[in-house]
Amino acid sequence: MVHTYETNGAEIYRQSFATIRREADLARFTLTEERVVVRMIHAAGMVELAPHVQLSPGMAEAGQRALQAGAPVLCDVRMVSEGITRSRLPAHNPVICTLHEDGVAELARTLNTTRSAAALELWRPHLAGAVVAIGNAPTALFHLLNMLQDPSCPRPAAIIGCPVGFIGAAESKEALMQDLPVPAMIVRGRLGGSAMTVAAINALASHVE
């Protein structure tokens, strides 16, 4: 039996986004936020994701402006950094992941934390005005929040905090929205992950769906 199926990539995207907008409750989002949430739902395959997404006021616009101005994207893991579509970035933005840099493992031992958290110490020269994309490690998000409690620490333009998991994920995201050092977005609870985080960055990077 020969299977027939849609083979036009653009049409697959069109139908997918139309299905999401038909089935998901997106009424509370601005048009800019909606584009972000639609892409995240598309990445997750879950229209029921929408109620779990929370954005602080102006976060989507702040992230867009930063990317258009050439801000770097700081990623906690390579699954995030490799998933970002470079051709969508509006200003050839640097995409930086320091997890595997020399010295990170030793720094983690010195700080008595995970490599994912320790790697953020290498973000300091790049942090001012950056867009942060944390899609895996709750320890990285907690460490960033602790870094930002120091008034001398450079401030990013926006934080996408979507770590996933059972230990610390929900708590780190709630802490982000409570501290709210800069405009931020999360997926509440245990949900999250690299695919959703990448989708958010790709949506902010370009108006083209």
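Placed above this text is the structure.
Residues numbered from 1 in each chain as written. Predicted model: local features only at pLDDT ≥ 70, side-chain atom pairs only at ≥ 80, totals over all residues. Heavy atoms only, no water.

Novice: I'm lost on the overall build of the chain in this one. Help?
Specialist: In terms of helices and strands, the chain carries nine helices and six strands. Against the globule reference of 17 Å for 209 residues, the chain gives a C-alpha radius of gyration of 17 Å, in line with a compact fold. Dimensions of the chain along its principal axes, counting C-alpha atoms only, are 60 × 40 × 35 Å. In the chain, the share of contacts with a sequence separation of at least 24, taken over all contacts with a separation of at least 6, comes to 65%. (Helix = DSSP H or I, 4+ residues; strand = E, 2+ residues; numbered from the N terminus. Rg over C-alpha atoms; globule rule 2.2 N^0.38 Å. Contact = heavy atoms within 4.5 Å.)

Novice: What is the right way to read the sheet that holds strand β5 (residues 158-161) from this model?
Specialist: Strand pairs in the sheet, formed through backbone hydrogen bonds, run parallel or antiparallel to each other. Ordered in space as β1-β6-β5-β4-β2-β3, the six strands form an open sheet in which the pairing is mixed. The open sheet has two edge strands with one neighbour each: β1 (53-55) and β3 (95-97). Here the average twist between neighbouring strands, direction ignored, is 15 degrees. Where strand β2 (residues 73-75) and strand β4 (residues 131-134) come together, three bridges link them in parallel fashion. Of the residues in β4, the one forming a bridge with valine 73 is valine 131. Those strands touched by helix α3 (residues 59-68) are β1, β2, β4, β5 and β6 (184-187), and its axis lies near 115 degrees from that of β5. (Pairing = 2+ DSSP bridges. Axes fitted to C-alpha atoms, helices over the stretch in contact; angles between N-to-C directions.)

Novice: What am I meant to see in the pairing of β5 here?
Specialist: Remember that side chains alternate between the two faces of the sheet whenever the strand is regular. Neither face of β5 is left uncovered, since the one carrying Ala158 and Ile160 and the one carrying Ile159 and Gly161 both have all their residues buried. Where β4 lies against β5, four bridges are found, and the strand directions are parallel. Residue valine 132 lies in a different strand from β5, and its bridge partner there is isoleucine 159. The β-α-β motif built from β4, the intervening helix α7 (residues 138-148) and the parallel element β5 has right-handed crossover chirality. Judged from the three bridges that link them, β5 and β6 form a sheet pairing that is parallel. Across the sheet, glycine 161 pairs through a bridge with isoleucine 186, a residue of β6. Read from β5 through helix α8 (residues 169-179) to β6, the crossover connection turns out right-handed. (Buried < 20%, exposed > 50% of the residue type's maximum accessible area, 1.4 Å probe, protein only. Right-handed = clockwise from strand over helix to strand, strands pointing away.)

Novice: I tried to follow the pattern of salt bridges on my own but got confused; where do I start?
Specialist: When the charged atoms of two side chains lie near each other, side chains of opposite charge can form a pair. Under the definition given, this model contains six salt bridges. For the salt bridge of arginine 188 with glutamate 174, the shortest nitrogen-to-oxygen distance reads 2.2 Å. Of this pair, arginine 188 sits in the loop between β6 and α9 (194-205) while glutamate 174 sits in helix α8, and the two are 14 residues apart along the sequence. A residue is classified by how much of its surface remains accessible, and arginine 188, at 31% relative accessible area, is partly exposed. Overlapping salt bridges, with partners in common, bring together Arg21, Glu34 and Glu209 in one network. (Salt bridge = Lys/Arg side-chain N within 4 Å of Asp/Glu carboxyl O.)

Any link to function would need more than the numbers given here.
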